[in-house]
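Observations on the model geometry
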Amino acid sequence: MGKRAAVLAGKVVAATASVAVLATFGVAYGTYEQLQGLGSSSAINPDSPKSKDGAQNILVMGLTTRLDLDGNPLPPAVEAALHAGDGSRGGYNTNTMIVVHVPNDGSKATAVSVPRDDEVTFVDTLYGERTGKIKEAYGLAKAQKQEELYAKGERGPQLERDSREAGRAATIANIEHLLDIPIDHFAEISLAGFYDLATQLGGIDVCLNHATSDTNAGANFKQGRQHLDGAQALAFVRQRDNLPNNDLDRTHRQQAFLASVTTKLKGQGVFGSLGKMQDLLTVASKDVVMDKDWDLLAFAQQATALTSGNIEFHTLPILGYGKDANGQDINNIDVPTVRAVVHTLFAPPAATTGAPAPTTTTSAPPAIKGQGSTVDIRNAGAPDGTGKKLSDALAANGFKAGEVTPTARQATTTVYYGSAAKEDATALAALLGNAKLVASSAAAAHHVALYLGADFTWPATLSGGATASTPTSVPIPTEGPQGGAVMGGDIPCVD
């Protein structure tokens, strides 16, 4: 494959990562102006942690909106084909959230689906809400930003695009926090994008364990293997009624859709045809958004597992079903278990040789005695519960306990301080291994704002004990409502 074709394949492996995890990442130099809108988003924080060892974690977001990227209603013919109502319905929920882990050596890719109704504590308060379903982060952040920008006079397509950026950033931050992993890149696609790309492919083949129907989604399918056109393919990934596990079975449908698209792209020789890839990219330019820093050429060379169908899909476990304070259905989850499953799948433990690990000697960090400054702790990457334990430990050593809240992930532990707090801030930075120290006019007098980054480790000389880290290996669930793995490489049968 030549360099131009490799770059195109990179996009056809990235924007179909949006509709599938694969079909649209190809930015050929000759078509860059046409396609650069795909990589237009700055929603990923450039200072946030990145995956180690050259691996990449890619978040695929599927939006419920029935509007185009400028906030305009879709053409009536498209609305009718979608069988999903008009632009007044759907909102901006992320009903699809799949994180694809692509190793740096071309080996098997692994994907995890985050059930949309998982109840979480948001990283930041979103439009007045502190908790909610993970799918709601996008819409709440968008609405909050839209109000802010509207008050400043922004209108029209720019208002829509800028407020959507806030939605993307909030979704990325909350997925990173929930799973305790960095997100390196993302691709976003709407309902119309699913329909357009499936139609451009000439439909897809799927396999069902049982005959099923759902009038709300426009679904009416027989048992066994069958071919679906674009509208039927959208109904296939939208159906949840009359399925044994409702939304969780719909998640398996989305995974099967991606596996089917991969199989079709490979079988039709799309990755080897510039013309076929460019046709997909022309469609994707209407519906797909991804981050601007994605090196598509490097990704195309790395993502051979995707183009070959060597991918395994898992749905993250839930404890059970419940109701929130407003009576809405939610999934109750155990965050440490969810994180342990993700870490086991993405970084399986290496075989040990039995050789003892080398020992190293380091000088102990200095003991600390605060001078009465209030320490507000923002957890931006340490395990859950670390902030409260650290606040208690510091309060026992001369500091005043302040607020303890989560915030968006960042790589580096940083100490901000206001007036009359420099001495305590400097001591804290030294205690934490010479963390970054910054004077801040935003910090109140006698206050220190301590941001715990992904590099945070518990100081050896500070009593209180560190929060246990996420287990490195746990059994992967194969039973329960989330079900077992869905395998790529062929047409998997699902409910």
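Residues numbered from 1 in each chain as written. Predicted model: local features only at pLDDT ≥ 70, side-chain atom pairs only at ≥ 80, totals over all residues. Heavy atoms only, no water.

If you trace the five strands from one edge of the open sheet to the other, you get β16-β15-β19-β17-β18, paired in mixed fashion. For this open sheet the edge positions go to β16 (400–406) and β18 (436–439), each flanked by a neighbour on one side alone. Across the sheet, the mean angle separating the axes of adjacent strands is 20° when strand polarity is ignored. Where strand β17 (residues 414–417) lies against β18, four bridges are found, and the strand directions are parallel. By the bridge assignment for β18, T414 is matched with K436. (Pairing = 2+ DSSP bridges. Helix = DSSP H or I, 4+ residues; strand = E, 2+ residues; numbered from the N terminus. Axes fitted to C-alpha atoms, helices over the stretch in contact; angles between N-to-C directions.)

Of all residues in the protein chain, 81% have pLDDT values of 70 or greater, and the mean over the chain is 82. Mean pLDDT per element in the protein chain: helix α3 (residues 32–35) is the minimum at 43, and helix α5 (residues 137–151) is the maximum at 97. Here residues 351–366 scores under 50 on pLDDT; set against residues more than four positions off or in separate chains, the count is seven contacts. Note that residues 466–470 has pLDDT below 50 and, in this model, 14 contacts with residues that lie over four places away or in other chains. (pLDDT = per-residue confidence, 0-100. Contact = heavy atoms within 4.5 Å.)

All right, on to helix α6 (residues 156–179) then. With 24 residues, α6 ought to run about 34 Å at 1.5 Å a step, and its terminal C-alpha atoms sit 35 Å apart, in line with that. Within α6, 18 of the 24 residues are buried, leaving the element largely enclosed by the surrounding structure. After α6 finishes, the residue D180 shows a positive phi value of roughly 60°. (Expected span 1.5 Å × (residues − 1). Buried < 20%, exposed > 50% of the residue type's maximum accessible area, 1.4 Å probe, protein only.)

If you walk through the whole model with that rule in mind, you get one disulfide. Between C207 and C493 runs a disulfide, and the two sulfur atoms are separated by 1.8 Å. What sets the handedness of the C207 and C493 disulfide is the S-S torsion sign, and at about 65° it is right-handed. Of this pair, C207 sits in strand β7 (residues 204–208) while C493 sits in strand β21 (residues 493–494), and the two are 286 residues apart along the sequence. The exposure class assigned to C207 is buried, which follows from its relative accessible area of 8%. What makes C493 partly exposed here is its relative accessible area of 43%. (Disulfide = S-S within 2.5 Å.)

Before going further, it helps to spend a moment on helix α13 (residues 335–346). In this model, α13 (twelve residues) spans 16 Å end to end at C-alpha, consistent with the 16 Å of a helix rising 1.5 Å per residue. Taken together, the buried positions of α13 are occupied by V338, R339, A340, V341, V342, T344, L345 and F346. For α13, the elements touching its buried residues are β1 (56–63), β2 (94–102), β3 (109–113), α6 and β12 (311–315).

Further remarks concern the packing of helix α8 (residues 230–238) against helix α9 (residues 246–267). Where α8 meets α9, the closest approach of the two axes is 7 Å, and the angle between their N-to-C directions is 140°. Relative to α9, the element α8 lies oblique. Here A233, F236, V237 and R238 of α8 come into contact with α9, specifically with R250, R253, Q254, A256 and F257. Here the contact of α8 with α9 is built from residues that sort into five nonpolar, one polar and three charged. (Parallel < 35°, antiparallel > 145°, perpendicular 65-115°, else oblique. Nonpolar A, V, L, I, M, F, W, Y, C, P; charged D, E, K, R; others polar.)

Now for the pairing of β7. Most of β7 is tucked away: four of the five residues are buried. Of the strand pairs in this sheet, β7 and strand β10 (residues 224–228) are connected by five bridges, and their pairing is antiparallel. Following the sheet pairing, V206 is matched in β10 by Q226. Summarising the sheet, β7 and β21 pair through two bridges and their orientation is parallel. If you follow L208 over to β21, its bridge partner there is V494.

Here we come to the nonpolar core. Judged by nonpolar contacts, the single largest core of 49 residues is most densely connected at V100, F236 and F257. Judged by nonpolar contacts, the second largest core, of 38 residues, contains L59, L69, M97 and I318. (Core = buried A, V, L, I, M, F, W, Y, C linked by side-chain atoms within 4.5 Å.)

Another aspect to go through is the environment of E188. Summarising the element assignment, E188 is placed in strand β6 (residues 185–189). Considered as a pair, E188 and V289 are 101 residues apart in the sequence and their alpha carbons are 5.2 Å apart. Within the structure, the side chain of E188 is placed 2.9 Å from the side chain of Y138, a separation counted as a polar contact. (Polar contact = N/O pair within 3.5 Å; in protein donor to acceptor, adjacent residues only side chain to side chain.)

This model, assessed by the stated rule, comprises 20 salt bridges. Ionic pairing is found between E312 and K108, a salt bridge with its closest N-O pair at 3.2 Å. Linking E312 in strand β12 with K108 in the loop between β2 and β3, this pair joins segments that are 204 residues apart in sequence. On the accessibility criterion, E312 (15% relative accessible area) is buried. Of the charged contacts, one joins K292 and D293 as a salt bridge, the two residues approaching to 3.4 Å between their closest N and O atoms. K292 sits in the partly exposed class, given a relative accessible area of 46%. What you see here is one network of salt bridges that share partners, running through R116, D117, K133, K135, R240, D247 and R250. (Salt bridge = Lys/Arg side-chain N within 4 Å of Asp/Glu carboxyl O.)

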